[in-house]
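Structure at a glance
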Amino acid sequence: MPPSAELPGFLHSVAPILDRWGYLALAAVMVVESFGVPAPGQTIMVAASIYSSTGRMNIYVVALVSFVTAVVGDNIGYWIGLRGGRKAVHRWGKYIFITPERLEKAEKFFARRGNRIIVVARFIDGLRQLNGVIAGITKMPWKTFTLYNAIGAALWVGWWTTVSYFLGANLGTIFEHVHKYKWPAIAVIVLAVGTYVTLHVRHIRRRRARAAASAPVEENPA
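So, how was this worked out
Residues numbered from 1 in each chain as written. Predicted model: local features only at pLDDT ≥ 70, side-chain atom pairs only at ≥ 80, totals over all residues. Heavy atoms only, no water. Phe/Tyr/Trp six-rings, centres within 6.5 Å; stacked < 30°, edge-to-face > 60°. Helix = DSSP H or I, 4+ residues; strand = E, 2+ residues; numbered from the N terminus. Buried < 20%, exposed > 50% of the residue type's maximum accessible area, 1.4 Å probe, protein only. Axes fitted to C-alpha atoms, helices over the stretch in contact; angles between N-to-C directions. Parallel < 35°, antiparallel > 145°, perpendicular 65-115°, else oblique. Left-handed = near helix turned anticlockwise from the far one by under 90°. Contact = heavy atoms within 4.5 Å. Core = buried A, V, L, I, M, F, W, Y, C linked by side-chain atoms within 4.5 Å.

**Some points on the packing of aromatic side chains**
One pass over the full model with this rule turns up 2 aromatic pairs. Taking 5.0 Å as the distance between ring centres and 20° as the angle between the ring planes, the aromatic pair formed by tyrosine 78 and phenylalanine 145 counts as stacked. Taken together, the residues span a long stretch of sequence, with tyrosine 78 in helix 4 (residues 59–92) and phenylalanine 145 in helix 8 (residues 142–167) at a distance of 67 residues. You can call tyrosine 78 buried: its relative accessible area is 6%. For phenylalanine 145, a relative accessible area of 0% puts it in the buried group. Relative to phenylalanine 166, the ring of tyrosine 165 has its centre 5.2 Å away and its plane inclined at 85°; by these criteria the two rings are edge-to-face. On the accessibility criterion, phenylalanine 166 (66% relative accessible area) is exposed.

**Quick look at the environment of isoleucine 118**
If you trace the backbone, isoleucine 118 turns up in helix 6 (residues 117–120). You can call isoleucine 118 buried: its relative accessible area is 0%. Note: C-alpha distance between isoleucine 118 and glycine 132 (14 residues apart in sequence) is 8.3 Å.

**Considerations on the packing of helix 3 (residues 41–53) against helix 8**
Running from N to C, helix 3 and helix 8 point in directions that differ by 45°, and their axes come no closer than 8 Å. Overall, the two elements helix 3 and helix 8 adopt an arrangement that is oblique. When you trace helix 3 past helix 8, the crossing you get is right-handed. Touching Gln42, Met45, Val46, Ser49, Ile50, Ser52 and Ser53 of helix 3 are Trp156, Val157, Trp160, Thr161, Ser164 and Tyr165, all from helix 8.

**Regarding the nonpolar core**
Counting residues in each nonpolar core, the largest one holds 28 residues, and the members touching the most others are Leu18, Leu26, Ile44, Met45 and Trp156. Taken together, the elements giving at least two residues each to this core come down to helix 1 (15–21), helix 2 (23–34), helix 3, helix 4 and helix 8. With 5 residues, the next largest nonpolar core counts Tyr78, Ile118, Ala135 and Met140 among its residues.

Take a look at the structure:
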């Protein structure tokens, strides 16, 4: 494969293995990241998508490989959590950088958000690597996990491959500008989510109050 001159600076770390091994490197990194190893899965997927925009790789193959290996990797993590349990993860997790602290923090977040966190976990560093392991430890039904996992992988892969393909080498410049406004953007997102949750809770409470008020009152027998 030709040199990686078109890659933005923050992607140079994965350029050598992607230049040499191509789709195989993409598949391998994506799999190991998805079952707990903090490998640069998202980074190499973005790099491969940028390569596709210059004709070096095929964007459809990049997306397919990324999706399949992400789902497979998470299922390996699910098996590790289900069969090994928390004790095994604590004992052997250090070899793939799953510390008890990381696992506990991710598990608490997982428990608060329920099954749907599997979908959004793809977009959150740390949870992306541990969601399969945690789902297995908590004994989430495999079919449920697979469904949410596939949806999350499709959204995650679709977003990053599409954005990276169309923006190409300009992605680095855009990231530099976005980084300047990162915290204001996070504040706006948090405010929007908080507002939505508050309004949603109020709506549920009002609906329950109306239901309770309209419920028939049972008369005590004489």
